[in-house]
Amino acid sequence: MTTMEAVVCRKLGDPTQPISDGGAEKAIVVEKNHPIPELGSPTSVRVRVKATSLNYANYLQILGKYQEKPPLPFIPGSDYSGTVDAVGPAVSKFKVGDSVCSFAALGSFAQFIVADQKELFGVPEGCDLVAAGALPVAFGTSHVALVHRANLSSGQVLLVLGAAGGVGLAAIQIGKVVGAIVCLICRGAEKVEYLKHLGIDHVVDSSSENVIQSVKDFLKSRKLKGVDVLYDPVEGKLTKEAMKVLSWGANILVIGFASGEAPVIPANIALVKNWTVHGLYWGSYKIHQPGVLEESLKELLSWVARGLISIRISHAYRLPEANLAFSAIKDRKVTGKVMLVLDDERSARSKL
Ligand SMILES: NC(=O)c1ccc[n+]([C@@H]2O[C@H](COP(=O)([O-])OP(=O)(O)OC[C@H]3O[C@@H](n4cnc5c(N)ncnc54)[C@H](OP(=O)(O)O)[C@@H]3O)[C@@H](O)[C@H]2O)c1
């Protein structure tokens, strides 16, 4: 039998615990002899994974705190890049060796994954393959939210919370591409220093500044009325504070709850100020409006190839170090994306 290395979640729990081959008591283990997935339908494609990204949702899913709860055991992982390893007899879009990226509900923390050809995107010339594995969820979410839902436009003021994280860093770059005035909030001097270099209009350090006073002072200095679009993957206390600087007619993008608290946006204030509150669950577009996701990813890949956006890899680990990758997310050490990067040949197909 042909086998591969894969991270497997066998029971719900903390994925930051040290992992080893086969340890039954751990939430995640690394299986060295997991069966390589077979091609299913005639249009299926098997991809040899080069890189797969960690998203906060992957962490929540293993903890058992995510909205989608797959049956155990499962291979975690959503967005990935790699090269085509095998194709079904009716595949017309790709051939063996092509560079591709995609996202799945599960299964990318492994050396191989199978997808239908319509779910794969060709990675254009000039676009780094590891970077392409970090693109779909983080940049896709921020792009659909800002461009498709909030219609963010040139000259509008965008405020991004949790700005150093995966979706946050994507949001500020997309904000700059569309010509918005970008303000952001992150925590700690190291993150501030990096983010200031990106040409951001106003950077606030939540660990040392009065967040709202700082944003108010900036708006006043630029004679701006308020924030037009709030991009919020954090929620909780920070959301309540941020509502004090929103303008009449603002768009609020509810993206996630990294703080652990769901937000309370008062409907009476939303009414008086004509705010629009968008709940956005990017993954569900795959079921309800797949064309929106497709157009969005094509545009993002072209932006990467043209150098309009860049994907910062904050931490990169190998598959057996997946627990360390989750620790970086849990400990809020991340500026950009955390990746699992796979060696092409070293341990693949160990039994062939
Ligand atoms: N709606 C969707 O379709 C969708 C898609 C992707 C992600 N999300 C959600 O968006 C959120 C962020 O995801 P991500 O992948 O960007 O995560 P991430 O890379 O870990 O970033 C999360 C950011 O939130 C900030 N944060 C504030 N309070 C925190 C706390 N108590 N614990 C951890 N982080 C905290 C951190 O920044 P500081 O330390 O600088 O404050 C961190 O940079 C998650 O809730 C995720 O589920 C939603």
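Everything numeric here is computed off the predicted structure, so don't read it as measured data.

Caption draft 1: Fine view of the overall build of the protein chain. When its secondary structure is counted, the protein chain shows eleven helices and 15 strands. If you line up the protein chain on its principal axes, its C-alpha atoms span 65 × 45 × 35 Å. Split into buried and exposed, the 352 residues of the protein chain put 46% on the buried side. Taking the contacts inside the protein chain whose residues are at least 6 apart along the sequence as the reference set, 68% of them involve residues at least 24 apart.

Caption draft 2: How the structure looks around the domain arrangement of the protein chain. Here the domain parsing of the protein chain yields domain 1 (3-134 + 311-341) and domain 2 (137-283). Computed from C-alpha atoms alone, the centre-to-centre distance between domain 1 and domain 2 is 29 Å. Class assignment for the residues of the side of domain 1 that touches domain 2 results in four nonpolar, five polar and four charged.

Caption draft 3: View of the site of the ligand. Taken together, 30 residues surround the ligand, and among them Gly162, Gly165, Gly166, Gly256 and Trp282 come closest. Looking at the shell around the ligand, the elements with two or more residues in it are helix H1 (56-63), helix H3 (135-149) and helix H4 (166-177). Of the residues belonging to the shell around the ligand, the class tally is 16 nonpolar, eleven polar and three charged. A domain-level breakdown of the shell around the ligand finds at least three residues from each of domain 1 (3-134 + 311-341) and domain 2 (137-283).

Caption draft 4: Highlighting the sheet that holds strand E11 (residues 227-232). Read from one edge to the other, the open sheet built from six strands follows the order E10-E9-E8-E11-E12-E13, with strand pairing classed as parallel. The open sheet has two edge strands, strand E10 (202-205) and strand E13 (276-279), and neither has a second partner. For this sheet, the mean inter-axis angle between neighbouring strands, taken without regard to orientation, is 15°. With four bridges connecting them, strand E9 (residues 181-186) and E10 associate as parallel partners.

Caption draft 5: Spatial organisation of H3. Of all 15 residues in H3, 13 are buried; the element is thus mostly enclosed. Backbone geometry just downstream of H3 places Asn151 in the positive-phi region, at approximately 50°.

Caption draft 6: Main features of the environment of Arg10. Looking at the element boundaries, Arg10 is found in the loop between strand E1 (3-9) and strand E2 (28-35). Using a count of 17 C-beta atoms within 10 Å as the deciding quantity, one classes Arg10 as partly exposed. The spatial distance from the C-alpha of Arg10 to the C-alpha of Pro71 is 9.5 Å, given a sequence separation of 61 residues.

Caption draft 7: Summary view of the packing of H3 against H4. Packing of H3 against H4 brings their axes to within 8 Å, and their N-to-C directions diverge by 50°. Judged by the inter-axis angle, H3 sits oblique to H4. The element H3 and its partner H4 pack so that their crossing is right-handed. Contacts between H3 and H4 involve Ala138, Phe139, Thr141, Ser142, His143, Leu146 and Val147 from the former and Gly166, Val167, Ala170, Ala171, Ile174 and Gly175 from the latter. For the contact of H3 with H4, the per-class residue count stands at eight nonpolar, five polar and no charged.

Caption draft 8: View of the nonpolar core. Counting 109 residues, the largest nonpolar core has Leu159, Leu184 and Tyr231 as the members making the most contacts within it. Of all the elements, H3 adds the most residues to this core, at eight residues. Domain assignment of the residues forming this core places at least three in each of domain 1 (3-134 + 311-341) and domain 2 (137-283).

Caption draft 9: The confidence of the model for the protein chain, seen in detail. Summarising the model, the protein chain shows a mean pLDDT of 93, and 96% of its residues fall at 70 or more. Scored below 50 in pLDDT, residues 345-352 makes 13 contacts in the model with residues more than four places away or belonging to other chains.

Caption draft 10: Layout of the pairing of E13. As defined by bridge partners, strand E12 (residues 246-254) adjoins E13 across four bridges and the pair is classed as parallel. Its bridge partner lying in E13, Ile252 is registered against Val277. In this view, the connection linking E12 to its parallel neighbour E13 by way of helix H8 (residues 267-272) has right-handed handedness.

Caption draft 11: Highlighting helix H5 (residues 189-196). Of the positions making up H5, those classed as buried are Lys191, Val192 and Leu195. Buried residues of H5, viewed axially, fall in a sector of 100°; they line one side. Turned more than 90 degrees away from the buried face of H5 sit Ala189, Glu190 and Glu193, all of them exposed. Turning to H5, the residues buried within the fold contact E9 and E10.

Scoring rules and cut-offs
Residues numbered from 1 in each chain as written. Predicted model: local features only at pLDDT ≥ 70, side-chain atom pairs only at ≥ 80, totals over all residues. Helix = DSSP H or I, 4+ residues; strand = E, 2+ residues; numbered from the N terminus. Buried ≥ 20, exposed ≤ 12 C-beta atoms within 10 Å, placed from the backbone. Contact = placed C-beta atoms within 7 Å. Domains from an automatic or database assignment. Nonpolar A, V, L, I, M, F, W, Y, C, P; charged D, E, K, R; others polar. Near = placed C-beta within 6 Å. Pairing = 2+ DSSP bridges. Axes fitted to C-alpha atoms, helices over the stretch in contact; angles between N-to-C directions. Parallel < 35°, antiparallel > 145°, perpendicular 65-115°, else oblique. Left-handed = near helix turned anticlockwise from the far one by under 90°. Core = buried A, V, L, I, M, F, W, Y, C linked by C-beta atoms within 7 Å. pLDDT = per-residue confidence, 0-100. Right-handed = clockwise from strand over helix to strand, strands pointing away. Arc of directions from axis to C-beta.

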